[in-house]
Amino acid sequence: MNKYNGKSVLKGIAVGRIFLYQKQAYQVVKTEITDIDAEICRYKQAVETAKEQLTALYDAALVNVGEDHAMIFDIHRMMLEDDDYLEAIEDVVKEGLNAEYAVETAQDQFAELFASMDDEYMKARATDIKDVSQRVIRILMGIPEDGIPTDEPVILVADDLTPSETVKMDKNKILAFVTVRGSSNSHTAILARSMNLPALVNTGMEPSEEWNGKVGVVDGFNGEFLIEPDQELLDEMIRRKNQWVADLEALEQLKGKDNVTSDGRKVHIYANIGKVSDADAALSADAGGIGLFRSEFLYLGRDTFPTEEEQYISYKTVLEKMDGRKVIIRTLDIGADKKVDYFNLEPEENPALGYRAIRICLDRPEIFITQLRAIYRASAYGQAAIMFPMIVSVEEVRRVKEIVEQVKGELEVEGYPMGDVELGIMVETPAAAVIAGELAKEVDFFSIGTNDLTQYTLAVDRQNQKLESTCNTHHPAVLKLIEMTVQSAHNAGIWAGICGELAADTDLTETFLDMGVDELSVSPSAVLKVRKAVRDI
Amino acid sequence: MKEFQYVIQDPVGIHARPAGLLVRKAAEYKCQVTITSDGKSADAKKLLKLMSLGVKQGMEITCTLDGEDEDAAYEGMQQFFKENL
């Protein structure tokens, strides 16, 4: 048995087969075949399937991103119609070798051709050859596009996952995450929490191909990852996993109950979501609303700006799913730390303090206006609210409100129905907390973003693994700023909530209620846990 | 057989997108369409070969048409290069 330690991001236990997630999640084996005609038929069918997939991708991209960007899928399809490429594959099969190996050989041959050209642009076309060949190989091997080869859910082991990878991940196929790198604020960690899956990050292990398919255990209570434990230990872990599941089921009993303390104080418990389908998790966790709908998913993992129509459909879908419950949409919160090439953001020494979020929106209002139009158009379908990130001054809020008024005016002229939309700000900079009294006069609510507020108050980079112990989220300075913000809100007659990770910290639930916090917005998986903490007070 | 010369104006040359369009255009004709550049030739109906010529801005290509509808192809391909490359 091998054992590795990592930082646990969710206290839970998973037992299942290990799957090593890699960009190229397969290994082509060269084998000799006897029925050459059958093998040629097999490769031809795979090519046809690939062309069908590419046609579907092209059609979808045409609608979403326009013809210029959809063209790449058309070119991929044409590559699969290229006689030279197809002949190269057939030649290898005719030697009595398997189709997977033949496609890989043709891929290498043509990729090499492009890679050896002295033109940087053409060199990069080797990627297209690989992309399209790998699509055919995946089809031949029966591997779905996300790279998870079985229908049986797996423990996913990866180096680390990028935001665009996590966006595409099929949740039903994952039991737990274990990553080599990453902090408890990495995307893997955030994803794991939103999915209520055990996860270990920053294990520092060196994953081996041999782990694939072996039985593993992720123990989120002790931060341990076990590979092929002996039967006795395995039985013990299965027993503990069942206990954990039973405890979760006990929390289930709290569904439909009020978030009320024994002395009658009430608080709203909402959910944080990062994409449209997360609304289902929020509903199934019995969240009272969406306290933070991160809109970044619309912008990540693509090459062009999302259109108004695309955004509108996403917001409308969530509003309809939430069926009259409040949905607070946070406008674009992107900076140079996120990989969105089409924003053309210059690399920065210090992106957390840089050109990001509302600063981009006010500087490039066309991006902002598209998003606001989409939200206001969707507002006819539920109870939408908007909050603006990274606010540091009253002036910014006034400029935001001017743009909002302009957008509303235009939509009214265009004849769109709109609902009443509360406007709020994220209080996530010490500046905003300190001038909360002034800001409260401008908006309908505050939502305190404790992750950034902690980072900016303590001058601690929350992505820096070495500083995790310094990053004391219970620091009195942070708690004092939260208290000041809530008081300022109440003095001005508006409400205040918390939507950072701290909102789910049940050691602080009573403290927050004593401060008068009106709303706690937590990941869907933490809703019932926080409800229990409230009811236990 | 007919042929014409053309100097590529497109800043990136015959890159993926115009190559794709060119292949599709050439496929409209029955005749053999060959692109020659810098001593290398490629069948204009074959995407990868065509791209592998690495034709860049400022380079001169020779487009050769050979077959029954070469007159129509001569007109059509010239038009295509002017509009797209």
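Further up the page is the structure itself.
Residues numbered from 1 in each chain as written. Chains lettered and ligands numbered in written order. Predicted model: local features only at pLDDT ≥ 70, side-chain atom pairs only at ≥ 80, totals over all residues. Heavy atoms only, no water.

S.K.: Is there a simple way to explain the overall build of chain B in this structure?
M.R.: Each helix and strand in chain B was counted, giving 3 helices and 4 strands. Along chain B, from the amino end to the carboxyl end, the secondary structure elements read β-α-β-β-α-β-α. Over its C-alpha trace chain B gives a radius of gyration of 11 Å, about what one expects of a compact globule, namely 12 Å for 85 residues. Expressed as a percentage of its 85 residues, the buried residues of chain B come to 53%. Put simply, 71% of the contacts in chain B that link residues at least 6 apart link residues at least 24 apart. Of the roughly 3900 Å² of accessible surface on chain B, 44% is carried by carbon and sulfur atoms. The average position of the 11 basic charges and that of the 13 acidic charges among the side chains of chain B differ by 7 Å. (Helix = DSSP H or I, 4+ residues; strand = E, 2+ residues; numbered from the N terminus. Rg over C-alpha atoms; globule rule 2.2 N^0.38 Å. Buried < 20%, exposed > 50% of the residue type's maximum accessible area, 1.4 Å probe, protein only. Contact = heavy atoms within 4.5 Å. Areas by Shrake-Rupley, 256 points an atom, 1.4 Å probe, with all protein chains shown as cover. Lys, Arg positive; Asp, Glu negative; His and termini not counted. Charge placed at Lys NZ, Arg CZ, Asp CG, Glu CD.)

S.K.: What is the right way to read the interface of chain B and chain A from this model?
M.R.: Taken together, the 18 residues of chain B in the interface contact 21 residues of chain A. Both sides of the chain B and chain A interface together cover about 1700 Å² of buried area, and 66% of this is carbon and sulfur. The interface formed by chain B and chain A contains 3 salt bridges. Across the pair aspartate 84 of chain A and lysine 49 of chain B runs a salt bridge whose closest N-O atoms are separated by 3.4 Å. Where chain B meets chain A, there are 5 residue pairs in polar contact (both at pLDDT 80 or more). With 6 residues, the top contributor of residues to the side of chain B that touches chain A is helix α1 (residues 16-26) of chain B. Split by residue class, the side of chain B that touches chain A holds 9 nonpolar, 4 polar and 5 charged. (Buried area = accessible area lost by both parts, 1.4 Å probe. Salt bridge = Lys/Arg side-chain N within 4 Å of Asp/Glu carboxyl O. Polar contact = N/O pair within 3.5 Å; in protein donor to acceptor, adjacent residues only side chain to side chain. Nonpolar A, V, L, I, M, F, W, Y, C, P; charged D, E, K, R; others polar.)

S.K.: Honestly, the packing of aromatic side chains in this entry has me stumped. Any pointers?
M.R.: Each aromatic ring pair is described using two quantities: the centre-to-centre distance and the angle formed by the ring planes. Throughout the structure, instances matching the rule amount to 16 aromatic pairs over all chains. Three or more aromatic residues joined by ring pairs form one cluster here, namely Phe4, Tyr6, Tyr74, Phe80 and Phe81 of chain B. Across the ring face of tyrosine 58 of chain A, the terminal group of arginine 77 of chain A is positioned such that the distance to the ring centre comes to 5.9 Å. Above the plane of the ring of tyrosine 312 of chain A lies arginine 377 of chain A, whose end atom (NZ or CZ) is 4.1 Å from the centre. (Phe/Tyr/Trp six-rings, centres within 6.5 Å; stacked < 30°, edge-to-face > 60°. Lys NZ or Arg CZ within 6 Å of the ring centre and 35° of its normal.)

S.K.: For this particular structure, what's the right way to read the nonpolar core?
M.R.: Side chains of a nonpolar character, in soluble globular proteins, are inclined to be buried together. In terms of nonpolar packing, the biggest core is built from 93 residues, with Phe293, Ile358, Phe388, Phe446, Ile482 and Phe512 of chain A touching the most fellow members. Examining the composition of this core, we find that 8 residues originate from one element, helix α12 (residues 365-378) of chain A, more than from any other. Non-local contacts of isoleucine 358 of chain A, meaning those with residues more than four positions away in its chain, are made with Thr331, Leu332, Phe368, Phe388, Pro389, Met390, Ile391, Glu396 and Val400 of chain A. Among the nonpolar cores identified, the runner-up in size contains 66 residues, and Val47 and Ile75 of chain A together with Phe4 and Tyr29 of chain B belong to it. (Core = buried A, V, L, I, M, F, W, Y, C linked by side-chain atoms within 4.5 Å.)

S.K.: What should I look at first to understand the sheet that holds strand β1 (residues 2-7) of chain B in this one?
M.R.: Remark on secondary structure: sheet strands pair via backbone hydrogen bonds, oriented parallel or antiparallel. All names here are of chain B. Across the sheet, which stays open at both edges, the 4 strands sit in the order β1-β4-β2-β3 with antiparallel pairing between neighbours. Sheet topology places β1 and β3 (40-43) at the edges, where each strand pairs with a single neighbour. Direction aside, the axes of adjacent strands within the sheet are offset by 25° on average. Bridging between strand β2 (residues 32-37) and β3 involves 4 bridges; their strand directions are antiparallel. Looking at the pairing, isoleucine 35 lines up with alanine 42 of β3. (Pairing = 2+ DSSP bridges. Axes fitted to C-alpha atoms, helices over the stretch in contact; angles between N-to-C directions.)

S.K.: Please clarify how the side chain of arginine 330 of chain A should be interpreted in this entry.
M.R.: All names here are of chain A. Among the secondary structure elements, arginine 330 is positioned in strand β11 (residues 326-330). Its relative accessible area of 7% is what places arginine 330 among the buried residues. Those residues in contact with arginine 330 that lie beyond four places of it in its chain are Leu292, Phe293, Arg294, Ser295, Glu296, Gln371, Met387, Pro389 and Met426.

S.K.: Is there a simple way to explain the pattern of salt bridges in this structure?
M.R.: Side chains that differ in charge, positive against negative, can pair when their charged atoms come close. Residues and elements named next belong to chain A. This structure, assessed with the given rule, holds 37 salt bridges over all chains. Taking the shortest distance from any N to any O, the salt bridge between arginine 17 and glutamate 152 comes out at 4.0 Å. With arginine 17 in strand β3 (residues 13-20) and glutamate 152 in the loop between α5 (120-141) and β4 (154-158), the pair connects residues that are 135 residues apart, well separated along the chain. Linked by salt bridges that have partners in common, Glu308, Glu309, Arg373, Arg377 and Glu414 make up one network.

S.K.: Quick question: what am I supposed to make of the sheet that holds β11 of chain A here?
M.R.: All names here are of chain A. In spatial order, the strands read β9-β10-β11-β12-β13-β14-β15-β16; together these 8 strands close into a barrel with parallel pairing. Taking each pair of neighbouring strands and ignoring which way they run, the sheet shows an average axis angle of 25°. The pairing of strand β14 (residues 445-448) with strand β15 (residues 495-498) spans 4 bridges and is parallel. Residue pairing across strands places phenylalanine 445 opposite tryptophan 495, the latter belonging to β15.

S.K.: Sorry, what's going on with the packing of helix α10 (residues 308-322) of chain A against α12 of chain A here?
M.R.: Any two packed helices are characterised by the angle at which their axes cross and by the distance between the axes. Residues and elements named next belong to chain A. At their nearest, the axes of α10 and α12 sit 8 Å apart, and the two run at 40° to each other. The angle between α10 and α12 falls in the class oblique. Between α10 and α12 lies a crossing of right-handed hand. Contacts from Glu308, Glu309, Gln311, Tyr312, Tyr315, Lys316 and Leu319 of α10 reach α12 at Thr370, Gln371, Arg373, Ala374, Ile375, Arg377 and Ala378. Residue composition of the contact of α10 with α12, grouped by class: 6 nonpolar, 3 polar and 5 charged. (Parallel < 35°, antiparallel > 145°, perpendicular 65-115°, else oblique. Left-handed = near helix turned anticlockwise from the far one by under 90°.)

S.K.: Could you clarify how one ought to interpret the environment of glutamate 402 of chain A in this entry?
M.R.: All names here are of chain A. Its place among the elements puts glutamate 402 in helix α13 (residues 394-414). What makes glutamate 402 exposed here is its relative accessible area of 54%. Residues glutamate 402 and valine 443 lie 41 residues apart in sequence; the distance between their C-alpha atoms is 13 Å.

S.K.: Where do I start with helix α16 (residues 450-458) of chain A in this structure?
M.R.: One turn of the α-helix equals 3.6 residues, which is why residues spaced by three or four share an orientation. Residues and elements named next belong to chain A. Within α16, 7 of the 9 residues are buried, which leaves it mostly tucked inside the rest of the structure. Residues of α16 that are buried: Thr450, Asp452, Leu453, Thr454, Gln455, Tyr456 and Leu458. For α16, the elements touching its buried residues are α14 (430-434), β14, α17 (476-491) and β15. In the segment just after α16, alanine 459 is the residue with positive phi, at about 55°.

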